[in-house]
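# Reading the structure
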Amino acid sequence: MNIELRHLRYFIAVAEELHFGRAAQRLNISQPPLSQQIIQLEAETGARLFNRTNRSVELTAAGEQLLSDARTILLQVEQAADRAARLHRGEEGELRIGFTSSAPFTAVVSDALFRFRQRWPQVHIQMQEINTRQQLVPLHDGRLDLGVMRNTPLPADLRHQLLLSEPLYAVVHKAHPLAEAEKISVTALAAEPFVFFDPQGGTALYSDILALLHRYHIKPYITQEVGEAMTILGLVATGLGVSILPASFRRARLADLVWLPLTEEDAISELWLVWSAGREINAQMENMMTLLRENRV
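A brief structural summary. Predicted model only: the values in this text are computed from it and were never measured.

Along the backbone of the protein chain there are nine helices and eleven strands. Its C-alpha atoms give the protein chain a radius of gyration of 32 Å, more than 25% over the compact-globule value 19 Å for 297 residues. For the protein chain, the spread of C-alpha atoms along the three principal axes comes to 105 × 40 × 30 Å. When each of the 297 residues of the protein chain is scored for burial, the buried share is 44%. For the protein chain, the centre of its 29 positive side-chain charges and the centre of its 34 negative side-chain charges are spaced 6 Å apart.

This is the structure:
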């Protein structure tokens, strides 16, 4: 059977007009080719679709059924074409993003996600909270499309772009003797009990902050090791120690905490957008990357 979409379109026109002349005019073709196409369609289906007389054209029972089915088929074709076009433009589909726990606290990320959702609501965004080092393998093998992570050494097949360079702050309890200062040096924390990341947790902030302390010859007195930054904040809020975290975490707004700027110019942490150089950047990825770039500071 060799039925083409044009056969169905021609058939629908004749079925709706019940007049070959008007149907031909509607299709912007001459009547003889239209009649020939209907004859071919009847030959392909093996069914008489119209009862024709010199004065009238009527659908047969087979024609009535084909009309219903043909309308459904053409609608499905149009919908399929529209979905393909929307997917190509990034208006539908899926976007898988890995992010560190600090990323949602940054305006560059939260604003981009909000704008993306407003503009392309049919795209399913699958967010996966995993630390920086744990994002590298799924980015490499395609299980993640984009990664939002802290600065860290990257394998050769991954590319990155700076989204945010933010200051690191000392975090102390509001009753701590340092809490009244406007800003402090990291050396002021040398003898303080530290609440810090678990070195086995894989967060890049661990290495980032530890490197800062080592540059100023400080070996932190770590009394508490935890996996998440929010747990660090919670323990500092109970007075169990001090810590150092990126400025973005100030959005957590815990009442018992005081955030102190550090005087050292190199007390900064970078947030990166990371993707695989070995895979095609699809429209969904490009749209998100564009919004993130527009927001970067």
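By size, the foremost hydrophobic cluster in this structure holds 39 residues, and its most contacted members are Leu189, Phe197, Ile209, Ile244, Leu245, Trp259 and Leu262. Only β6 (158–173), β7 (193–197), α7 (204–215), α8 (229–237), β9 (243–246) and β10 (257–261) provide two or more residues apiece to this core. Once residues lying within four places of it in the same chain are set aside, the contact partners of Ile209 are Leu168, Phe196, Phe197, Ile244 and Leu245. By size, the runner-up hydrophobic cluster in this structure holds 23 residues, among which are Phe99, Val108, Leu164 and Met289.

Residues Leu5, Ile73 and Val77 make up a contiguous nonpolar surface patch of roughly 190 Å² in combined accessible area. Inspection of the secondary structure assignment puts Val77 in helix α4 (residues 61–88).

On inspection of all chains with the given rule, the structure shows eight aromatic pairs. Both rings, one in Phe116 and one in Trp120, keep their centres 4.9 Å apart while their planes meet at 55 degrees; by these two values the pair is tilted. Each residue in the set Phe194, Phe196, Phe197 and Tyr206 is aromatic and connected to the rest through ring pairs, giving one cluster.

Conventions and cut-offs
- Residues numbered from 1 in each chain as written.
- Predicted model: local features only at pLDDT ≥ 70, side-chain atom pairs only at ≥ 80, totals over all residues.
- Heavy atoms only, no water.
- Helix = DSSP H or I, 4+ residues; strand = E, 2+ residues; numbered from the N terminus.
- Rg over C-alpha atoms; globule rule 2.2 N^0.38 Å.
- Buried < 20%, exposed > 50% of the residue type's maximum accessible area, 1.4 Å probe, protein only.
- Lys, Arg positive; Asp, Glu negative; His and termini not counted.
- Charge placed at Lys NZ, Arg CZ, Asp CG, Glu CD.
- Core = buried A, V, L, I, M, F, W, Y, C linked by side-chain atoms within 4.5 Å.
- Contact = heavy atoms within 4.5 Å.
- Patch = residues over 30% accessible without salt bridge, like charges linked within 9 Å, V, L, I, M, F, W, Y side chains within 5 Å.
- Areas by Shrake-Rupley, 256 points an atom, 1.4 Å probe, with all protein chains shown as cover.
- Salt bridge = Lys/Arg side-chain N within 4 Å of Asp/Glu carboxyl O.
- Phe/Tyr/Trp six-rings, centres within 6.5 Å; stacked < 30°, edge-to-face > 60°.

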